[in-house]
Amino acid sequence: MTAKIKEFPGVGLRESDFTERKVLFTEWKPDARYAWDAGVAIGRYLAELKEGRIIGVRCHHCRRTVVPPRIFCEWCFRPMDEWVYLEDHGVVNTFSICYVQWDMERLEEPLIPAVIEIAGASKGVGILHLLGEVDPREVKIGMKVKAVWKPAAERIGAITDIRYFKPIN
Amino acid sequence: MPKEVAIIGVGYAGFRALTPEVSYKELMYEAAVKAYEDAGVDPRRDIESFVTVAEDFTEGTSIFDEYVPDQLGAVLKPVHTISGEGLHGFIAAYLQVLTGAMDIVAVEAHSKASNILTPDEIMAFAMDPVYNRPLRANPHFIAGLEMNRYLCETGTTREQCALVVAKNKHNALYNPLAAYGASIAVEDVLESEMVSYPLSRLDMSPRADGAIVMVLAARERAEELSDIPIWIRGVGWCNDSFSLENRDWTNAIYAARAAEMAYRMAGIRTPWQELDFAEIDDTFSYKELQHMEALRLCRPGEAGLLVEDGATEIGGEFPVNPSGGSLGMGHLLDASGLARLLEVVLQLRGEAGQHQLSDVETGLAFGWRGLPTTSGAAVILSN
Amino acid sequence: MGLRKVAVVGAGMTKFVRRAQETGKELAYEAAKMALDSCELTLDDVDGVALGTAPDAFDGVHMKGEYLSDGAGAWRKPFMRSYVGGGTGVFAPIQGWYHVASGLFDVCLVVCEEKMSSCQPHPQGAFLTIFDHTTERPLGPNLLWIFALEMNRYMQTYGLQKKDIALVSVKNKRNAADHPCALLGDPNITVEDVLKSEVLAWPVQRLDVSPVTDGAVALVLAAENVAKRITDKPVWIKGVGWSLDTAYWTNRDLYYPKYVEYAARMAYEMAGIREPRKEIHIVEPYDPFDYKELHHLEGLLLADKGEAPRLTAEGVTARTGNMPVCPSGGLLGVGNPIAAAGLMKVAEIFWQLRGEAGKRQVPGKPITGLAQAWGDLMQVGTVIILGIGG
Ligand SMILES: [Zn+2]
């Protein structure tokens, strides 16, 4: 069929067609705002971050300790059994060195997002965060890192109460 | 003759104006646990596929599908989202069982309406970006336009619409799941603040949070697992024109077509005789009346008179929204239709408690997606 | 009792372009009309419409399915929109399949549309909100992060180099040069071009990534009795599968897409396929990033774990190789209007199996092909297997 068709529909425009107003268009900025209920599990997670601690949950059935916390074990489909305080350090499971913002503008200093396996949680269980105080070229998978917390007075009960994770020896 | 499929489990949580103590995941989890217990199934072992219902902008999350498997026991199983009414999701689950490839399928729909800070802005974001949005009008004007035309064309009165509100809020007083039960008079509705003439504040259903999960099974499994399987007799769904410029402002064509499809499947010719009751969309008071007519539960223009006569009350000839509907239970966004269906299931099982209808065998649920859509779905159940 | 047989009988698509003049509704219409014309049907023959489209934030319309409905041919018809993120394009025909296989419909129109360019200043903005609103979004993540994190993990696990992976981008962009709808076909691109392109989020570079695209694709599905009346070359849907992994993506190892394996096993079982490497002749795995094609070939059990780069280097996956992979040019070459891109892969298998793919036609008269898409937070696999004969 693609072999037989000579002309496919669809007209591509150039950026200049818009900037020079050769085509008409409307603009709209949606005002979509939300206030999400944190609930039991994430509510406690945030409250503990405010105290400078990372908390996880444990399922006695499959014996996994996971973070971020949830009230149910997704594998066993039963309630989690206990809250478990975890360490505020861990190991880099994977990382990236990101040179662009979401709108594809270049960043002066790259960001280093990473999945960090948190000590005290089951193997392979991590959270998403950023790395800091490190030369991007020095970052390795398997590297040990530790949370750098905001001062207690500045913590509000958010994931950003940890500024970033930095390497430790 | 399609394969026979039944609802074998229902679960629900929330149904209140606010649910600040739980996250959406925890709300869904509670509904799921109850549904699986009710059905006697283990989701990790028995349920072969899951359908969830969501729209990104009502969740505040792009690709909300991401966040559903864990709390439903659906990790590493077939799961997909239907961005539609809860009843569309239900029908999607039903069709999967009909193929013969699946025996047990679950469907979930929920509302965390209380977490949306700018609901009318988001509703406006659903309108045509070129033709309609630049008018910068609150989208409730669409309901005003439609209500005005409907009243004018059929001779239905604002008083009759107000009676729907009074009836449904009264029914809700007897439904422990309902958030907005009240004893109110016709005058209260008529005198409430005008939103978009002729639609007043009390003509509109207030929003609520809640989650509903249902488990469907093919005949053999259903009979094995359940003492009171509720059988699916017919389903139908339809869209009319999305365009405000081209749609029919008097008749709910989407409802009429969806119902015809479901009636044909169920072999129902005279719905007002063959159905015992109905739970139908009442997002706005006039919508219950307009939908009754479209669903052929009465003749065109007759719904208002039936309400006046009390025929649609719990003790009437043909009860409509004995649960209290969205006006009495609260509007659960796209979960609303599944809330209507939940009531049909509970009534057919004889588990509706204080508002139980006597001798009911067959009931209809109809859901509409709300403003600015012309999208609806119908499901007919029998015990 | 066997399942009701469902065939693909027609297909249509628009050009894939960076910014389309057409609205999303118009793109959906163009593709749908072309698909119906291709099998000489009209809208009157269609019982219902299955729509696939990805985040509403792209087109900038809440309840985008409702907005697109009349353009997709759903006026006064049963209409439903399914949605599994990037997996949507291959899920929509699965939705169409269950509509027809249920016995309720004889003919179902499947339409996928995406107009990403509506989202300004950059469609990446639509992806800001895919992350958890409480535990991740405050960190300011962007979409590239998750791909980069996954790619890095995949490379580390098997000791792969960027040049092993860049071969995929080169192959697909070269293949796309023969696709009349392609946005980024390039017959002369080299591995060096990819390795020299701008680093976005290491290890992801500009030419590892598929472009932002507008476009639409449509298929017509029909039940067996109807399909045989419509065409003498029906292409049967032999198997379908889909699977969604946990949302807690930081709790699992990203080196391997287990969800793709689960989806593939479901589809193979339905299709009665025991030895996929022998029985699948042509593959269109999801390739929004070059390493993804490799990742997915392994998840589909078409390559041993960590071996897909070797197959690529040896030319096995070339259009003239033993197992042609992305002969269309894939997302990397034809373009990536999310849901439409997935359905383009299914359309490609349809055209290839009918011998209608023109300059892209693979040799050796394939009789079974597979298309796969992926989506959500590195989480969902959708698989469809098409075949002729039988
Ligand atoms: Zn467990």
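The notes below deal with the structure included here. Everything numeric in this text was worked out from a predicted model, so none of it was measured. Residue numbering note: each chain is counted from 1, following its sequence as written. Chains and ligands are labelled by the order in which they are written, letters from A for the one and numbers from 1 for the other. Local features in a predicted model are, by the rule used here, given only for residues with pLDDT of at least 70; side-chain atom pairs are given and counted only at 80 or more, and totals for whole chains, interfaces and linings are based on all residues. For side-chain calculations, the full set of non-hydrogen atoms in the structure is used, while hydrogens and water are omitted.

What follows covers unusual backbone geometry. In this chain, tyrosine 197 of chain B is followed by proline 198 of chain B through a cis amide linkage whose omega measures 0°. In this fold, proline 198 of chain B is placed in the loop between β5 (194-196) and β6 (199-200). Note that the residue after leucine 371 of chain B, namely proline 372 of chain B, is joined by a cis bond; omega there is -5°. Along the polypeptide, proline 372 of chain B turns up in the loop between β10 (362-368) and β11 (375-382). Positive phi, close to 55°, is recorded for arginine 21 of chain A, a residue that is not glycine. Helix and strand assignments come from DSSP, with helices taken as H or I runs of at least 4 residues and strands as E runs of at least 2, each series counted from the N terminus.

As a further point, take the coordination of the zinc ion. Octahedral metals with six donors have ideal donor angles of 90 or 180 degrees. Tetrahedral metals with four donors have an ideal donor angle of 109.5 degrees. Residues and elements named next belong to chain A. The protein atoms that coordinate the zinc ion are Cys59 (SG), Cys62 (SG), Cys73 (SG) and Cys76 (SG), at distances spanning 2.3 Å. Each metal site lists N, O and S donors within 2.8 Å (3.2 Å for Na, K and Ca). With water left out of the atoms, a site can look as if it is missing ligands. Every geometry call rests on angle ranges, with four donors termed tetrahedral when all angles are between 85 and 135 degrees, four termed square planar and six termed octahedral when opposite donors are over 155 degrees apart and all others are between 65 and 115, and everything else termed irregular. For the zinc ion, the 4 donor atoms are set out with angles of 106 to 115° between them, so the coordination reads as tetrahedral. The sequence pattern describing where the donors of the zinc ion fall on their chain is C-x2-C-x10-C-x2-C. Within this pair, whereas cysteine 59 is found in strand β1 (residues 54-59), its partner cysteine 76 is found in the loop between β3 (72-73) and β4 (78-79), the two being separated by 17 residues in sequence.

Many authors give the size of an interface as the accessible area that is lost as the parts come together. Contact with chain B, which involves 36 residues of that partner, is made by 22 residues of chain A. Values labelled buried area give the accessible surface lost by two parts on being combined, using a 1.4 Å probe and summing over both. Note on chain B versus chain A: buried area summed over both sides is about 2500 Å², and carbon and sulfur give 64% of it. Contact with chain A buries area across many residues of chain B, yet Glu26, Tyr29 and Asn115 of chain B alone supply 24% of it, more than any other trio. Salt bridges are defined by distance alone: a side-chain nitrogen of Lys or Arg within 4 Å of a carboxyl oxygen of Asp or Glu. Here chain B and chain A share 1 salt bridge between them. Its salt-bridge partner being aspartate 37 of chain A, residue lysine 112 of chain B comes within 2.6 Å of it at the nearest N-O pair. Should any heavy atoms of two residues lie within 4.5 Å, those residues are considered in contact.

What follows covers the sheet that holds strand β5 (residues 82-86) of chain A. All names here are of chain A. An order of β2-β1-β5 is seen for the 3 strands of this open sheet, with the pairing classed as antiparallel. Across the chains shown, the open sheet's two edge strands, defined by having one partner strand only, are β2 (64-66) and β5. With strand direction ignored, the average angle separating the axes of adjacent strands in the sheet is 35°. For two strands to be treated as a pair, DSSP must find no fewer than two bridges joining them. Bridge count for β1 against β2 is 3 bridges, and the pairing is antiparallel. If you follow valine 57 over to β2, its bridge partner there is valine 66. Lines are fitted to the C-alpha atoms to define the axes, a helix being fitted only along its stretch in contact, and any angle between axes, read from their N-to-C directions, falls within 0 to 180 degrees.

This part covers the interface of chain C and chain B. Listed as interface residues are 56 residues of chain C and, on the opposing side, 60 residues of chain B. Here chain C is connected to chain B by 3 salt bridges. Two residues, arginine 76 of chain C and aspartate 240 of chain B, come together in a salt bridge whose shortest N-O distance is 2.8 Å. Any pair of nitrogen or oxygen atoms within 3.5 Å is treated as a polar contact; in protein, a donor-acceptor pairing is required on top of that, and neighbouring residues in sequence qualify only through side-chain atoms on both sides. Counting the contacts that link chain C with chain B gives 27 residue pairs in polar contact (both at pLDDT 80 or more). Where the side of chain C that touches chain B is concerned, the elements lending two or more residues are α2 (56-59), α3 (64-68), β3 (79-83), α4 (88-101), β8 (235-244) and α9 (258-271) of chain C. Looking at the side of chain C that touches chain B residue by residue, the classes come out as 31 nonpolar, 12 polar and 13 charged. Relative to β3 of chain C, strand β3 (residues 79-82) of chain B runs antiparallel, the two being bridged by 2 bridges. Pairing of isoleucine 82 of chain B across the sheet is with serine 82 of chain C, part of β3 of chain C. Charged residues are taken to be Asp, Glu, Lys and Arg, nonpolar residues to be Ala, Val, Leu, Ile, Met, Phe, Trp, Tyr, Cys and Pro, and polar residues to be all remaining types, Gly included.

Pairing of aromatic side chains requires ring centres within 6.5 Å, counting the rings of Phe and Tyr and the six-membered ring of Trp. Pairs whose planes differ by under 30 degrees are stacked, by over 60 edge-to-face, and all others tilted. Tallied over the entire structure, the rule returns 25 aromatic pairs over all chains. With a centroid separation of 6.1 Å and an interplanar angle of 85°, the aromatic rings of phenylalanine 242 of chain B and tyrosine 67 of chain C are classed as edge-to-face. With phenylalanine 242 of chain B in the loop between β8 (230-239) and α10 (253-266) and tyrosine 67 of chain C in helix α3, this residue pair bridges two chains. Each member of the pair, phenylalanine 242 of chain B as well as tyrosine 67 of chain C, is classed as buried. Ring plane angle 80° and centroid distance 5.5 Å describe the contact between tyrosine 154 of chain C and tyrosine 158 of chain C, whose orientation is recorded as edge-to-face. Placement of the pair is tyrosine 154 of chain C and tyrosine 158 of chain C together in helix α5 (residues 143-158), with a separation of 4 residues, close to one helical turn. A simple rule labels every residue: compare its accessible area, found with a 1.4 Å probe on the protein chains alone, to the largest value its type can have, and call it buried under 20%, exposed over 50%, or partly exposed in between. Overall, tyrosine 154 of chain C belongs to the buried group, its relative accessible area being 0%. The exposure class of tyrosine 158 of chain C is partly exposed, given its relative accessible area of 25%.

Bringing a negative patch on the surface into the picture now. All names here are of chain B. Patch members must show over 30% relative accessible area and no salt bridge, and they are joined within 9 Å when carrying like charges or within 5 Å when they are nonpolar side chains of Val, Leu, Ile, Met, Phe, Trp or Tyr. The method behind every accessible area is Shrake-Rupley, applied with a 1.4 Å probe, and residues are considered shielded solely by the protein chains displayed. Under the counting rule used here, the positive set is Lys and Arg, the negative set is Asp and Glu, and His together with the chain ends is not counted. To locate a charge, take atom NZ for lysine, CZ for arginine, CG for aspartate or CD for glutamate. Taken together, the side chains of Glu159, Glu187, Asp188, Glu191, Glu308, Asp309 and Glu317 make up a negatively charged region of the molecular surface. In terms of residue count, helix α8 (residues 186-191) provides more of the negative patch than any other element does, 3 residues in total. Inspection of the secondary structure puts glutamate 317 in the loop between α13 (303-309) and α14 (325-329). Taking relative accessible area as the criterion, glutamate 317 reaches 77% and is therefore assigned exposed.

Time to look at the environment of serine 241 of chain B. Take serine 241 of chain B: it is sitting in the loop between β8 and α10. Judged by its relative accessible area of 4%, serine 241 of chain B is buried. C-alpha separation for the pair serine 241 of chain B and proline 319 of chain B, spaced 78 residues apart in sequence, amounts to 30 Å. Not counting the four nearest positions on each side in its chain, serine 241 of chain B is found in contact with Asn246, Arg247 and Thr374 of chain B together with Asp70 and Trp75 of chain C. A distance of 3.2 Å separates a polar atom in the side chain of serine 241 of chain B from the backbone nitrogen of serine 243 of chain B.

Residues and elements named next belong to chain B. At their nearest, the axes of helix α6 (residues 140-154) and helix α12 (residues 285-294) sit 10 Å apart, and the two run at 55° to each other. When the interaxial angle is binned, α6 and α12 end up oblique. Considering the relative orientation of α6 and α12, their crossing is left-handed. Contacts between α6 and α12 involve Ala143, Glu146, Met147, Tyr150 and Thr154 on the former and, on the latter, Ser285, Tyr286, Lys287, Leu289, Gln290 and Glu293. Its residues assigned to classes, the contact of α6 with α12 shows 5 nonpolar, 3 polar and 3 charged. To sort the angles, those under 35 degrees are grouped as roughly parallel, those over 145 as roughly antiparallel, those from 65 to 115 as roughly perpendicular, and the leftovers as oblique. Note on convention: the crossing is left-handed when the near helix lies turned anticlockwise from the far helix by less than a right angle, right-handed when the turn is clockwise.

All names here are of chain C. Expected span of a helix: the number of residues minus one, times 1.5 Å. In this model, helix α1 (residues 24-38) (15 residues) spans 21 Å end to end at C-alpha, consistent with the 21 Å of a helix rising 1.5 Å per residue. Every buried residue belonging to α1 is among Gly24, Lys25, Leu27, Ala28, Ala31, Ala32, Met34, Ala35 and Leu36, and all of these are buried. In this structure, the buried residues of α1 make contact with β1 (6-13), α2, α3, β4 (107-115) and β7 (214-223). Remark: glutamate 40 follows α1 within two positions and exhibits a positive phi of approximately 55°.

It is worth spelling out the pairing of β1 of chain C at this point. Residue and element names in this part refer to chain C. In terms of burial, β1 is a largely internal element, 8 of the 8 residues being buried. Sheet analysis places β1 next to β7, joined by 7 bridges and oriented antiparallel. In the sheet register, valine 8 faces β7, and the bridge partner there is leucine 221. Direction of pairing for β1 relative to β8: antiparallel, over a ladder of 2 bridges. Within β8, the position partnered with valine 8 by the bridge is valine 235.

All names here are of chain A. Within strand β10 (residues 126-130), 5 of the 5 residues are buried, leaving the element largely enclosed by the surrounding structure. Neither face of β10 is exposed, since Gly126, Leu128 and Leu130 on one face and Ile127 and His129 on the opposite face are all buried. Judged from the 5 bridges that link them, strand β9 (residues 113-118) and β10 form a sheet pairing that is antiparallel. The residue bridging valine 115 from the neighbouring strand is leucine 128, located in β10.

Let's shift gears to the sheet that holds strand β6 (residues 204-205) of chain C. Read from one edge to the other, the open sheet built from 4 strands follows the order β8(A)-β7(A)-β5(C)-β6(C), with strand pairing classed as antiparallel. Either end of the sheet is taken by a strand with one partner, and the two such strands are β8 (106-111) of chain A together with β6 of chain C. Note: strand β7 (residues 97-100) of chain A against β8 of chain A, 2 bridges, orientation antiparallel. Of the residues in β8 of chain A, the one forming a bridge with valine 100 of chain A is arginine 106 of chain A. Each of β7 and β8 of chain A together with β5 (199-202) and β6 of chain C touches α5 of chain C; the most contacted strand, β5 of chain C, lies at about 60° to it.

This next bit is on the pattern of salt bridges. Counted by the stated rule, this structure contains 61 salt bridges over all chains. Between glutamate 260 of chain B and arginine 296 of chain B there is a salt bridge whose closest N-O contact spans 2.8 Å. Here glutamate 260 of chain B, found in helix α10, pairs with arginine 296 of chain B, found in the loop between α12 and α13; they are 36 residues apart in sequence, far enough to count as distant. By relative accessible area, which is 30% here, glutamate 260 of chain B ends up partly exposed. Accessibility expressed as a relative area gives 27% for arginine 296 of chain B, which makes it partly exposed. Across the pair aspartate 208 of chain C and lysine 162 of chain C runs a salt bridge, and its minimum N-O distance is 2.7 Å. Here lysine 162 of chain C lies in helix α6 (residues 162-176) and aspartate 208 of chain C lies in the loop between β6 and β7, a separation of 46 residues in the sequence. Residues aspartate 208 of chain C and lysine 162 of chain C agree in their burial class; the two are buried. In this structure, a network of salt bridges that share partners links the residues Glu55, Asp334 and Arg369 of chain B together with Asp56, Glu66 and Arg81 of chain C.

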